[in-house]
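Coordinates in review
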Amino acid sequence: MKLNIENIEKRLKEFFEYDLQITQKRNPLNEISEMILEEMGRNLVNANQKTFAPNIFRITIKKRDLMDKEAIESWKTYFTELILQTAKENQVSLAGPVHIQIYDHPGLAIPFQINSDFSSIPTGKTTNIITRKPSGKKTVELKNAYLITSDVSFYPLNKPIINIGRREDNDLVVDNIRVSRVHAQIRLIDGRHVIFDLDSTVGTSVNGQVVKQKELKSGDVIEIADIPVIYAIENEEIEGKLDLNKHTRLLKPASR
């Protein structure tokens, strides 16, 4: 299926010319807009007799100084509405609220890179987690620990404090209505990671037990509401009888 974006392209042109006063034919935000719309059209999924488009867009930029910061924020707000309009005009559903996240990567070989993903398609089987790039200096010696997320990617715990929740400014953003805005936190204390539930509505569990705070061991399955992630430490054996492979398979997204 090819998305009809003729009306959207006209509105984008007007936005750049009249709102942002960008008149050149090619500008970074215009190129990124076109790339996102192409990414939407390439990654449509049929499920439950509906067509779903991705709702998560990660933009990696080689040089952020190519674009004005205020222009970026204005564009994000406006373009989010255009994504909703594009889905409506093409009679496709979005897999959740629209998330547009921008990262800097000076080592990128190309000026921009766009990746899209789905938060959750209502099959009852898949809920993806958005990971933000860790930032900040290491203030203490950190363990080589990481989380295995629902798309079987590895999120390194290389900050003393990792915030987890539904709000976009968390380090680990879990796009699920059951998850609180600021749900849980993983802290490095005396060389060990401890998870804290931050008075979330639904709660946080470790290996099936509801916890307020708990020291983590390699192989522990953390459930944020009912969304699982696995805590692991590099080169450390899994304690107990946890079948890590079983949980890894459980976390893999459904085939698209």
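Residues numbered from 1 in each chain as written. Predicted model: local features only at pLDDT ≥ 70, side-chain atom pairs only at ≥ 80, totals over all residues. Heavy atoms only, no water.

Some points on the sheet that holds strand S18 (residues 227-233)
Definition in use: At least two DSSP bridges between two strands are needed for those strands to be called paired. In this text, helices come from DSSP runs of H or I with a minimum length of four residues, and strands from runs of E with a minimum of two, each type numbered from the N-terminal end. Comment: axis = line fitted to C-alpha atoms, over the contacting stretch for helices; angle = value between 0 and 180 degrees taken between N-to-C directions.
Across the sheet, which stays open at both edges, the six strands sit in the order S9-S8-S18-S17-S14-S15 with antiparallel pairing between neighbours. Across the chains shown, the open sheet's two edge strands, defined by having one partner strand only, are strand S9 (154-156) and strand S15 (209-211). The sheet shows a mean angle of 30° between the axes of neighbouring strands, taken without regard to direction. As defined by bridge partners, strand S17 (residues 221-224) adjoins S18 across four bridges and the pair is classed as antiparallel. Residue pairing in the sheet places Glu223 in a bridge with Pro228 of S18.

Considering the pattern of salt bridges
Convention followed: Salt bridges are counted wherever a side-chain nitrogen of Lys or Arg sits within 4 Å of a carboxyl oxygen of Asp or Glu. Burial classes follow relative accessibility: with a 1.4 Å probe on protein chains only, a residue under 20% of its type's maximum area counts as buried, one over 50% as exposed, and anything between as partly exposed.
Applying the stated criterion across every chain, the model contains six salt bridges. Measuring nitrogen to oxygen at the nearest pair gives 3.7 Å for the salt bridge that ties Lys212 to Asp197. With Lys212 in the loop between S15 and strand S16 (213-215) and Asp197 in strand S13 (residues 192-197), this residue pair connects regions lying 15 residues apart in the sequence. Assessed through its relative accessible area of 53%, Lys212 is described here as exposed. With a relative accessible area of 9%, Asp197 lands in the buried category. Through salt bridges with shared partners, a single ionic network connects Asp197, Asp199 and Lys212.

With respect to the sheet that holds strand S1 (residues 45-47)
Spatially, three strands are ordered S1-S2-S4 in an open sheet, and the strand pairing comes out mixed. Each edge of the sheet is formed by a strand with only one pairing partner; in this case those strands are S1 and strand S4 (93-94). In terms of strand pairing, strand S2 (residues 50-53) meets S4 through two bridges, oriented parallel. What sits directly across from Ala53, in S4, is Leu94.

Comments concerning the side chain of Thr204
Stated precisely, the cut-off is as follows: Side-chain atoms alone can form a polar contact between residues adjacent in sequence; in general such a contact is a pair of N or O atoms within 3.5 Å, and within protein one must be able to donate a hydrogen while the other accepts it.
Assignment of secondary structure puts Thr204 in strand S14 (residues 204-206). In terms of polar contacts, Thr204 uses its side chain to reach the side chain of His183, at 3.3 Å.

As for the packing of helix H2 (residues 28-42) against helix H3 (residues 69-89)
Stated precisely, the cut-off is as follows: By the definition adopted for this analysis, an angle is roughly parallel if under 35 degrees, roughly antiparallel if over 145, roughly perpendicular if from 65 to 115, and oblique otherwise. The crossing is said to be left-handed when, going from far helix to near helix, the turn is anticlockwise and less than a right angle, and right-handed when the turn is clockwise. Between two residues, a contact is recorded if the distance between any of their heavy atoms is within 4.5 Å.
At a minimum axis separation of 12 Å, H2 and H3 run at an interaxial angle of 30°. On the basis of the axis angle, H2 is roughly parallel to H3. Here the hand of the crossing between H2 and H3 comes out right-handed. Where H2 approaches H3, its residues Leu29, Ile32, Ser33, Ile36, Leu37 and Met40 are matched on the opposing element by Ala71, Trp75, Phe79, Ile83 and Thr86.

Side note on the confidence of the model for the protein
Counted only if it meets this: Confidence of the prediction at every residue is given by pLDDT, a number between 0 and 100.
In the predicted model, the protein carries a mean pLDDT of 76, and 74% of its residues have values of at least 70. When pLDDT is averaged over each helix and strand of the protein, the minimum, 39, is found for helix H4 (residues 244-251) and the maximum, 94, for S13. Here residues 238-256 scores under 50 on pLDDT; set against residues more than four positions off or in separate chains, the count is 33 contacts.

Comments concerning the nonpolar core
Under the convention used in this document: To qualify as a nonpolar core, a set must consist of buried Ala, Val, Leu, Ile, Met, Phe, Trp, Tyr and Cys residues joined through side-chain atoms within 4.5 Å.
One finds Ile32, Ile36, Met40, Ile59, Trp75, Phe79 and Ile83 to be the most contacted residues of the largest nonpolar core, which totals 29 residues. At the level of elements, helix H1 (6-19), H2, strand S3 (56-61), H3, strand S5 (99-104) and strand S6 (112-117) are the ones that each hand at least two residues to this core. Per element, the largest residue contribution to this core is seven residues, and it comes from H3.

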